[in-house]
Amino acid sequence: KWKGEGTTPNLESIVIGRCYEYIRIVNPSIGEKNCTEIWEAFKKAFINKDPCNILPSDYELFINLALHTIPPNKSLFWENNHLLVTSYSDRTRRYMPLCDTLIGSFGDFLNWCGQANDTGFNYDSCPNTEECENNAVESFWKIASITYAKQSSGVIYVMLNGSAIGGAYPVKGFFADYEVPNFQKDRISRIEIWVMDDIGGPDLDSCGRGSVQILEERLKTMGYDITCIDNYKSVLLLKCLDYLNHSDCSIVSSAPSTQRGLVSPH
Ligand code: ENP
């Protein structure tokens with residue numbers, strides 16, 4: 001019936017498993033949480049309801065139960081870099097993007113919706129954003145983004161994609177609409193933007209240019225101290241793992257290799 005993908009099979013097992021893994025292994029410092037209770041609150045937001053009439057506020061109880069602090073200097077915001085952010089953050093070890101918080105782990109890579117007058121999930125299809133903005137997934141990420149931005153402090157990092165067709169900084173998107181407006185100015189020391197181009201991809205946007213310039217100006221007007229770095233080396237090294245000999249990766253291939261057996265001794 002709907003154009004979007006249906007609920008991810010085994011959603012309950014995945015999410016409750018992720019929750020216990022998060023509190024026991026990934027980030028035990030957040031203390032004791034009741035994962036079954038959090039799951040029930042998550043479900044209550046959208047089960048037995050019109051799937052096009054789910055509001056961010058429907059997740060309030062879930063958010064309150066799953067909330068934990070974000071350490072200063074660990075927040076990582078992004079657009080168009082989902083898999084790169086997932087690898088780079090290293091499940092909170094390096095950074096703590098929203099998908100590496102307990103709240104985010106309830107939604108990352110998953111899909112879900114219910115239906116009116118039915119206490120189950122719809123595994124066949126779910127409304128996408130074009131069909132209705134007030135769908136279960138969109139409203140979840142809205143309140144999750146708002147909560148995450150409000151809690152972020154210290155140095156704020158932002159990873160953008162300089163090869164993205166719609167611009168590195170989409171002027172309509174979660175970052176622009178729900179995160180930037182909810183930053184707590186007095187708790188933020190500065191904002192550092194990284195504009196990463198795809199290896200071998202076009203350099204469409206960069207610091208001081210195009211949509212990145214729009215973001216820099218917006219943040220400056222708001223009174224923030226901004227640093228912008230094109231192809232930040234640490235992230236570039238990670239991107240270059242799969243492109244060792246590409247000219248965009250001379251950063252890694254210029255170092256003399258000590259690998260043996262590749263060059264014939266004759
Ligand atoms: P996309 O369109 O590149 O990637 C969407 C994918 O990332 C989906 O698989 C989604 O999970 C997952 N995801 C992880 N965190 C978020 C998220 N936080 N979010 C929406 N999807 C998320 O990403 P977007 O839509 O541009 O969102 C990027 C935003 O995430 C940025 O504002 C960044 O700062 C923020 P699912 O459940 O849809 O399968 C907020 C919105 O953290």
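Engineer: Give a detailed account of the overall build of the protein chain, specifying residues and quantitative values.
Structural biologist: For the protein chain, the count of helices and strands is 10 helices and 8 strands. Dimensions of the protein chain, computed from the C-alpha atoms along their principal axes, are close to 75 × 50 × 40 Å. Of the contacts formed within the protein chain by residues at least 6 apart in sequence, a portion of 76% connects residues at least 24 apart. Per element, the accessible surface of the protein chain, about 13,300 Å² overall, is 50% carbon and sulfur. Taking the 24 positively charged and 33 negatively charged side chains of the protein chain as two groups, their mean positions are separated by 5 Å.

Engineer: Give me the lowdown on empty space enclosed by the protein, citing residues and values where you can.
Structural biologist: The full count for this structure, using the stated rule, is 1 cavity of 30 Å³ or more. Estimated volume of the largest cavity: approximately 40 Å³. Lining the largest cavity are Ala-66, Leu-67, His-68, Ile-70, Leu-98, Thr-101, Leu-102, Ile-103, Thr-147, Tyr-148 and Gln-151. Among the elements that line the lining of the largest cavity, the one with the most residues is helix H6 (residues 136-151), at 3 residues. Considering only residue class, the lining of the largest cavity consists of 7 nonpolar, 4 polar and no charged.

Engineer: Please set out the site of the ligand residue by residue, giving values where relevant.
Structural biologist: By nearness alone, 17 residues border the ligand, and Trp-78, Glu-79, Gly-107, Leu-110 and Glu-179 come closest of all. Take Glu-79: an N or O atom from its side chain is 2.5 Å from an oxygen atom of the ligand. When isolated, the ligand has an accessible area of 700 Å², and the protein chains bury 79% of it. Judged by its atoms lying within 2 Å of the grid points, the ligand is housed in the largest pocket. Put simply, the parts of the chain that give the shell around the ligand at least two residues each are strand E2 (76-78), H6 and helix H7 (174-179). Looking at the shell around the ligand, its residues break down into 10 nonpolar, 4 polar and 3 charged.

Engineer: Give a detailed account of the packing of helix H1 (residues 11-26) against helix H2 (residues 35-44), specifying residues and quantitative values.
Structural biologist: Where H1 meets H2, the closest approach of the two axes is 10 Å, and the angle between their N-to-C directions is 135°. In terms of orientation, H1 lies oblique with respect to H2. In this structure, H1 crosses over H2, and the sense of that crossing is right-handed. Two secondary-structure elements touch here, H1 through Leu-11, Glu-12, Val-15, Ile-16, Cys-19, Tyr-20 and Ile-23 and H2 through Cys-35, Thr-36, Ile-38, Trp-39 and Phe-42. Tallied by class, residues from the contact of H1 with H2 come to 10 nonpolar, 1 polar and 1 charged.

Engineer: Before we move on, can you summarise the side chain of Asn-135 with the specific residues and values?
Structural biologist: Considering the arrangement of structural elements, one finds Asn-135 in the loop between strand E5 (125-126) and H6. In this structure the side chain of Asn-135 is engaged in a polar contact, spanning 3.0 Å, whose partner is the backbone oxygen of Cys-132. Side-chain polar atoms of Asn-135 contact the backbone nitrogen of Glu-138, separated by 2.8 Å. Sequence-distant contacts of Asn-135, that is, excluding residues within four places in its chain, are made with Pro-51, Ile-54, Pro-127, Asn-128 and Thr-129.

Engineer: With reference to specific residues and values, describe the pairing of strand E7 (residues 188-196).
Structural biologist: Of all 9 residues that make up E7, 7 are buried, and the element is covered over most of its length. The sheet contact formed by strand E6 (residues 154-161) and E7 spans 8 bridges and is parallel. Opposite Ile-156, over in E7, you have Ile-191 as the bridge partner. In this view, the connection linking E7 to its parallel neighbour strand E8 (residues 226-230) by way of helix H8 (residues 210-221) has right-handed handedness.

Engineer: Let's hear about the environment of Ala-164: which residues, and what values?
Structural biologist: With respect to the helices and strands, the residue Ala-164 is situated in the loop between E6 and H7. The exposure class assigned to Ala-164 is buried, which follows from its relative accessible area of 12%. Residues Ala-164 and Glu-37, spaced 127 residues apart in sequence, show a C-alpha to C-alpha distance of 39 Å. Leave out the neighbours within four places in its chain, and Ala-164 touches Asn-80 and Leu-204.

Thresholds, definitions, all that
- For every chain, the first residue of its written sequence is number 1, and the numbers climb from 1 along that sequence.
- The model is predicted, so local features are restricted to residues of pLDDT at least 70 and side-chain atom pairs to those at 80 or more, both for listing and for counting; the totals for chains, interfaces and linings are taken over all residues.
- With hydrogens and water stripped out, all remaining heavy atoms of the structure feed into the side-chain values.
- By definition, any uninterrupted DSSP run of H or I lasting at least four residues is a helix, any uninterrupted run of E lasting at least two residues is a strand, and each is numbered from the N terminus.
- Residue contacts are counted whenever heavy atoms from the two residues lie within 4.5 Å of one another.
- Accessible areas in this description were obtained via Shrake-Rupley with a 1.4 Å probe; residue shielding takes into account the shown protein chains only.
- In this tally, Asp and Glu contribute negative charge and Lys and Arg positive charge; neither His nor the terminal groups of the chain are included.
- Where a charge lies is defined by one atom per residue type: Lys uses NZ, Arg uses CZ, Asp uses CG and Glu uses CD.
- Cavities and pockets were defined on a 1 Å grid built from protein atoms only: a cavity is a group of points that admits a 1.4 Å probe but offers it no way out, a pocket is an open group of points flanked by protein on both sides within 12 Å along at least five of seven lines, and a lining residue is one with an atom within 4 Å of any such point.
- Grid points are joined across faces, edges and corners, and a volume is the space filled by probe spheres set on the points.
- Lys, Arg, Asp and Glu make up the charged group, whereas Ala, Val, Leu, Ile, Met, Phe, Trp, Tyr, Cys and Pro make up the nonpolar group; the residues left over, Gly among them, are polar.
- Nearness is judged by heavy atoms alone; a residue qualifies as near a molecule or strand once a single heavy atom is within 4 Å of it.
- Any pair of N or O atoms that falls within 3.5 Å is considered a polar contact. Within protein, one atom must be able to donate a hydrogen and the other to accept it, and sequence-neighbouring residues count only if both atoms are side-chain atoms.
- Just a note on the criterion: a molecule sits in a pocket or cavity if more than half of its atoms are within 2 Å of the grid points.
- To get an axis, a line is fitted to the C-alpha atoms, and for a helix only the part in contact is used. The angle between two axes follows their N-to-C directions and goes from 0 to 180 degrees.
- Comment on the angle field: the value is read as roughly parallel under 35 degrees, roughly antiparallel over 145, roughly perpendicular from 65 to 115, and oblique elsewhere.
- Here a crossing is taken to be left-handed if its near helix is turned anticlockwise relative to the far helix by less than a right angle, and right-handed if that turn runs clockwise.
- Exposure categories follow from relative accessible area, calculated using a 1.4 Å probe and restricted to protein chains: below 20% of the type maximum is buried, above 50% is exposed, and the middle band is partly exposed.
- We call two strands paired when DSSP finds no fewer than two bridges between them.
- If you view a crossover with the strands going away from you and the path from the first strand over the helix to the second runs clockwise, you call it right-handed.

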